[in-house]
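Understanding the architecture of this molecule
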Amino acid sequence: MWAALRAGLDKLRGIHGTFYRLLGPEVRGLDGFYGEDIPAYADLGIRIPTEPDLLCDQVYEKTGVQSYIVDANGLGVELMGKSSGITAPETWLTEVIRDNPAGQEEQMTPFILVRRLRDVG
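What you see is a predicted model, and the numbers here were worked out from it, not measured in a lab.

Definitions and limits used
- Residues numbered from 1 in each chain as written.
- Predicted model: local features only at pLDDT ≥ 70, side-chain atom pairs only at ≥ 80, totals over all residues.
- Heavy atoms only, no water.
- Helix = DSSP H or I, 4+ residues; strand = E, 2+ residues; numbered from the N terminus.
- Contact = heavy atoms within 4.5 Å.
- Areas by Shrake-Rupley, 256 points an atom, 1.4 Å probe, with all protein chains shown as cover.
- Buried < 20%, exposed > 50% of the residue type's maximum accessible area, 1.4 Å probe, protein only.
- Patch = residues over 30% accessible without salt bridge, like charges linked within 9 Å, V, L, I, M, F, W, Y side chains within 5 Å.
- Salt bridge = Lys/Arg side-chain N within 4 Å of Asp/Glu carboxyl O.
- Arc of directions from axis to C-beta.
- Expected span 1.5 Å × (residues − 1).

1. Let's talk about the overall build of the protein
Counting secondary structure elements, the protein contains five helices and four strands. The linear arrangement of helices and strands in the protein, starting from the amino end, is α-α-α-β-β-α-β-β-α. Across the protein, contacts joining residues at least 24 apart in sequence account for 26% of those joining residues at least 6 apart. Here the protein has roughly 9400 Å² of accessible surface; of this, 56% comes from carbon and sulfur atoms.

Structure, rendered in C-alpha cells:
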C-alpha cells in the first residue's frame, strides 16, 4: 500500500517508476500478464532469474556464447547478471541497448546478440 501511495504522489509531481523502485528487483523485473497482446500469457507472470550470473555462465558452458541479462524499459536499463568472462564495464553493457536496438514494441521481449567490433588495420 505504501508503494502505491508514494507512486501516486510522485506521479502528481512528474516522477515515474516509484512503485517498482520501492518494491525491488523481483517485482520490477516481473513480465507477463499480456492477455490482449499474447493470449497464452493472460494468467502467467515471468519471473527474473534467481541467479542471473550463474545462468549466463551456464549459457556460455553450453553454447560458447558470453551473455548478459538486462531489464530494459521506458524507465531505464538495469544489468541483472552477466557471464563471468565479460570484461566490458556495466555502463557500456547498459548503454549499448538503451536506444532499443531490437525495436521491440507491443510487449515483445527481444533476444539481442551484441558484440564489439575488433579494430581493423
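2. Considering the environment of Ile48
With respect to the element layout, Ile48 can be found in the loop between strand S2 (45–46) and helix H4 (52–63). Between the alpha carbons of Ile48 and Pro25 there is a distance of 8.4 Å; along the sequence they are 23 residues apart.

3. Thoughts on the side chain of Thr94
With respect to the helices, strands and loops of the structure, Thr94 is situated in helix H5 (residues 90–98). On the accessibility criterion, Thr94 (6% relative accessible area) is buried. Setting aside residues up to four positions removed in sequence, Thr94 forms contacts with Val77 and Leu79.

4. Thoughts on a nonpolar patch on the surface
On the surface, a cluster of nonpolar side chains totalling about 890 Å² of accessible area is made up of Trp2, Leu5, Leu9, Leu12, Phe19, Tyr20, Leu22, Leu23 and Val27. If you list the elements that add at least two residues to the nonpolar patch, you get helix H1 (2–12) and helix H2 (18–23). With respect to the secondary-structure elements, Val27 resides in helix H3 (residues 25–28). Its relative accessible area of 30% is what places Val27 among the partly exposed residues.

5. Brief notes about the pattern of salt bridges
Scanning the model with the defined rule gives two salt bridges in all. Of the charged contacts in the structure, one is a salt bridge between Asp10 and Arg6, with a shortest N-O distance of 3.7 Å. Placement of the pair is Asp10 and Arg6 together in helix H1, with a separation of four residues, close to one helical turn. Residue class for Arg6 comes out partly exposed when judged on its relative accessible area of 29%. A salt bridge links Arg13 to Asp10; its shortest N-O distance comes to 3.3 Å. The class of Arg13 is exposed, set by a relative accessible area of 61%. Assessed through its relative accessible area of 6%, Asp10 is described here as buried.

6. Points about H5
Within H5 the residues assigned to the buried category are Leu93, Thr94 and Ile97. Each buried residue of H5 lies within a common arc of 90° when the element is viewed along its axis, so the set occupies one face.

7. Quick notes on H4
With twelve residues, H4 extends 16 Å between its outermost C-alpha atoms, agreeing within 8% with the 16 Å of an ideal straight helix rising 1.5 Å per residue. One or two steps after H4, the chain reaches Gly64, where phi turns positive at roughly 80°.

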